[in-house]
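Letter by letter, the chains look like this.
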Amino acid sequence: MATGVSDATATARAEISRLFRMPEPDVLSGLLKDARLDSGERARVENRALGMLAELRSAQSSGWVNQFLQEYRLNTSEGVALLSLAEAFLRVPDPETADLLIADKLGNADWRAHTGKSHSKLVNSATWGLVIGRALVSDTQQASVLKKLISRAGEPFVRQAVGAAMRMMGEIFVMGRTIEEAIGRMRKPENKGFTASFDMLGEAARTFPDAERYFRAYEDAIHAVGKVPEAGHSISVKLSALHPRYEVAQYDRCVSSLIEQVEALATLAANYGIAFTIDAEETERLEMSLDIIGTVAALPALKGWDGLGMAIQAYGKRARPTIAWADAVGRATGRRIAARLVKGAYWDSEIKRAQEQGLHEYPLFTRKAATDVSYLACAKDMLAAPNIYPAFATHNALTVATILEWAGESRDFEFQRLHGMGEGLYETLVREQGYHTRIYAPVGGHRDLLAYLVRRLLENGANSSFVHQLADEHMTDAEILADPVEKIAAVGGTRHPGIPLPKDLFGPARKNSEGIDLNDKTELARVARQVSFVPSEVEGRSRNRISTSLDTNDESGVAREIVSRALSAYPAWEAAGIDHRAACLDRLADLLEQERDALMRIAVQEAKKTIPDALGEVREAVDFCRYYAQQARDGLQPVELPGPTGERNLLRMEGRGTWVCIAPWNFPLAIFLGQVAAALVTGNTVVAKPAPQTPEIAAYAVGLAHSAGIPEDALILAIGGPEMGAALTADPRIAGVAFTGSTATAKRIARTLLEDEERPIIPLIAETGGINAMIVDSTALPEQVVQDVVTSAFRSAGQRCSALRLLVLQEEIADRTLEMLSGAMDTLIVGDPADPRTDVGPVIDRQAYDRLMTYRETQQGRWIKTIDAPRAGLFVPPTAIRLDAIEDLKREWFGPILHVATWKAGQLEDTIRRINRSGFGLTMGLHSRIARSADDVEQLARVGNLYVNRSMIGAIVGSQPFGGEGLSGTGPKAGGPHYLPRFCAERVTSTDTTSSGGNATLLSLNDVGI
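Scope of this entry: the structure provided in the associated data block.

Criteria and thresholds
Residues numbered from 1 in each chain as written. Predicted model: local features only at pLDDT ≥ 70, side-chain atom pairs only at ≥ 80, totals over all residues. Heavy atoms only, no water. Buried < 20%, exposed > 50% of the residue type's maximum accessible area, 1.4 Å probe, protein only. Helix = DSSP H or I, 4+ residues; strand = E, 2+ residues; numbered from the N terminus. Pairing = 2+ DSSP bridges. Right-handed = clockwise from strand over helix to strand, strands pointing away. Contact = heavy atoms within 4.5 Å. Axes fitted to C-alpha atoms, helices over the stretch in contact; angles between N-to-C directions. Parallel < 35°, antiparallel > 145°, perpendicular 65-115°, else oblique. Left-handed = near helix turned anticlockwise from the far one by under 90°. Phe/Tyr/Trp six-rings, centres within 6.5 Å; stacked < 30°, edge-to-face > 60°. Lys NZ or Arg CZ within 6 Å of the ring centre and 35° of its normal.

To continue, consider the pairing of strand β6 (residues 388–393). Buried residues dominate β6, accounting for 5 of its 6 residues. Summarising the sheet, strand β5 (residues 337–342) and β6 pair through 5 bridges and their orientation is parallel. Across the sheet, residue A339 finds its bridge partner in β6, namely P390. Taken together, the 3 bridges between β6 and strand β7 (residues 414–418) define a ladder with parallel strand orientation. Of the residues in β7, the one forming a bridge with F392 is F415. At this point the chain moves from β6, through helix α17 (residues 397–407), to the parallel β7, and the crossover so formed is right-handed.

With that settled, consider helix α31 (residues 722–730). Three or more residues of α31 are buried, namely M724, G725, A727, L728 and T729. Of the surrounding elements, those touching the buried residues of α31 are α25 (555–575), β11 (658–662), β12 (685–689), β14 (736–740) and α32 (743–755).

In this section: the sheet that holds strand β10 (residues 647–655). Read across the open sheet, the 3 strands follow the order β9-β10-β25; overall the sheet is antiparallel. Either end of the sheet is taken by a strand with one partner, and the two such strands are β9 (639–641) and β25 (984–992). For this sheet the average axis-to-axis angle between neighbouring strands, irrespective of direction, equals 30°. Sheet topology note: the β9/β10 ladder contains 3 bridges and is antiparallel. Across the sheet, the residue bridging to E640 is L650, located in β10.

This brings us to the environment of I516. Relative to the helices and strands, I516 resides in the loop between α22 (484–490) and α23 (521–532). You can call I516 buried: its relative accessible area is 5%. C-alpha of I516 to C-alpha of Q357: the two residues are 159 residues apart in sequence and 7.2 Å apart in space.

Moving on, we come to the packing of α25 against α31. A pair of packed helices is characterised by two quantities: the angle between their axes and the separation of those axes. Interaxial distance between α25 and α31 falls to 9 Å at its minimum, and their mutual angle equals 45°. Considering their axes alone, α25 and α31 lie oblique with respect to each other. Here the hand of the crossing between α25 and α31 comes out right-handed. On the side of α25, the interface is formed by E555, S556, V558, A559 and V563, while α31 contributes E723, M724, A727 and L728.

The next point concerns the packing of aromatic side chains. For the structure shown, the criterion picks out 12 aromatic pairs. When the ring of F413 is compared with that of Y435, the centres are 5.9 Å apart and the planes differ by 45°; the resulting orientation is tilted. Separated by 22 residues along the polypeptide, F413 in the loop between α17 and β7 and Y435 in the loop between α18 (427–431) and β8 (436–442) bring together distant segments of the chain. Taken as a pair, F413 and Y435 share a single burial class, namely buried. The ring of Y435 has R411 lying over it, and the distance from NZ or CZ to the ring centre is 3.8 Å. Lying across the ring of W893, R891 places its NZ or CZ 3.9 Å from the centre.

Now the structure itself:
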């Protein structure tokens, strides 16, 4: 590789890394100049685009499918209902659930409002079908009459009609169920002059068998397309379909495997002389994909082949330097890289993920117009790049017209559009003007298209998209063709005001905790070094506090002395006031972030947490401090209450005295500090007892708290085991207990607090465990279910209070789901928690290990699946165990052990009641596309936290207050708006203001006089 070329590649990669964290206005300032049209260009582009609008409208008015989609756009409840029905219906195997899904989606929408609105008789007929369908699934007198009318036709009448409609909808967006069918369909007259890029609907592999199946599908597709090379078709490949762990943390094992697979497919394509494009995926995978593409491009066996291509998403801030990188790689390898420029397909999920991760900046633009600006600037670069063959994927007439203006007489590029969308935009360009346009054509069974279909419709049907605007009768041509450069210039390139930066997610009241981008390979490596580091001696502040607490074996004596010190400190701390105490918590939050690396190291080495879990631990502790500080300022100020004239009634929330806070080992920083922060900010002093397995991180946190301004006697660390806890809770002088741990220990504490008739009745806040169940019906997307099950059951080695213990699958989908779950479990890595690749670390201690392994062995005959784990160490292999009935699970097994039972269609309510009868009530999950089922579970489930269509772990402070009921805790919920008052004494002062000379207020209102 020539030095200059090498330098160009390295420079582009450096710019890619730099732009990732650059503020949006700064990135846009470099794009606006090159995306701008001069006045002459603008006039010509607008004139050409107006002609395209006319052709688009003509094409859309001629097809009933287009008119149907226009009538039921995504900004209507009816459009959303149809999309939801299409997403789920074809995968439902049982008629009972299918009927429920139809009733749920058709029953609430106002179909009658759309009758007679369309110019198409077919659309109007279909609308009347929806009106009748809604009537059939409703519980009205009209429905009963209709049901009688169709009874002779059989019960499946509506179901069959909906199934046919969904399959027809699938055909709109899927080119063929097989590659042969898709190639044949491309020969039809409506596709004359177009070529195709076939995508085998490889959304993402969840298992190694999935990846193998997708690889064979791509291989077969290349053979099929290669047999008709004269057609000019190509193949698109998703890397996530070729490896189930295409993640930065798994870089070492996935990238080498993917290079090998891509090399094999690319070599096959090169031998046939057909093009082969690697699709773009989530931003976090960009640099991995560049490593793969760059390596494959440099292979000697592929020299002289210009068919290697890549997709680039313009909504990403790094799109432009990625183009520069592709050009440099092309120059270095003596080829033209076929670059497909797209707007982007993962915008909403990427925004959410950046917020959840607490990143400093978004990796993409927050305004649609900004993406359009980026697209135009990138398009200009691609047209000028000698080592890139440009492909412009767009349905936007203004974008197409601009590219044509800049390209001039050149035809050395192509356009691309999605199959099923954009008809009318390119026909004239292709058939009369000779421009090359390729159709991005999904191939696969209609049931498999679901996630793809939904994402593409959402992407292209969003309110701000060109497709949506074109269908909006209220928008003028001028509004549709408005210059995106002017739109962005008008707002100064600022971020969308409705999308705050992740740090501002919770508004001005409090900052979101800072995260670390663990999808940045360099940053992940730095963190891995930090958490593996073993200092010559433990940090002084934690070692001193631990050793001081262990100076004597007289735990009862130590407990009495500690409580006495805390009681002595209480008056001054309570008198310091809410604002002072809240400010101390804010300072503590800042110190926790400053010391994040050290805290993560201790969490990994002492508590055996994986790197992502250790990061989550610190962030949650920070959030607790800031949230309770904000809640205290806003909610604990004195309140003047109404009353009769001449009287003043003042309610005050004040501390109770000294609280004992007993924390668990599974969240030794977050729960430890959450309890402590709540007690402190309400004016109490605290004796904090960490679990005996995790004293070091607690001691470090207490040291930081003292540095933040909390007096040493206002927060005292009490190291010890059960005897220390018993001595502290038995002290009659304490004012309350906050405890997180086992149900049995919580009951013992409760008895201790009540047995002594002489001691005051004090509050106990207890959060205990649960037999947490997830219910899955046959409408759920299996890939999403399996991902959430693996996360909920096995992350943190199953050692979370909220972890999934009982998976309850509808019978009809149990076998398929368990097969996929077994495959997903095979992808897990059990090992050293300091290793970034590790998914499941060891359990906390030998006692837990022996208990879990003994139970696991007794259930060996019921194992559905288990995987290998290191023999040395406390590693419990993740294991799934089959139960005959829900009721067979009678206790919580606190580790990576998942139990599986089934339920019958139509018995959802009974299933929930059976789960409720366990007596536990912490968390429950539901996976279903039926909104009414979610409503039913919400009404019937007796749990503190219900999670619908997501994982069951990772509650966010202030967003998902956490805590259970029944055997799972007393409430109030931690991280919620009702938590702090439980630590307070409510005191009211009533003052008669008339006793000192009359009621001045009342007298001032007397206009009669004496």
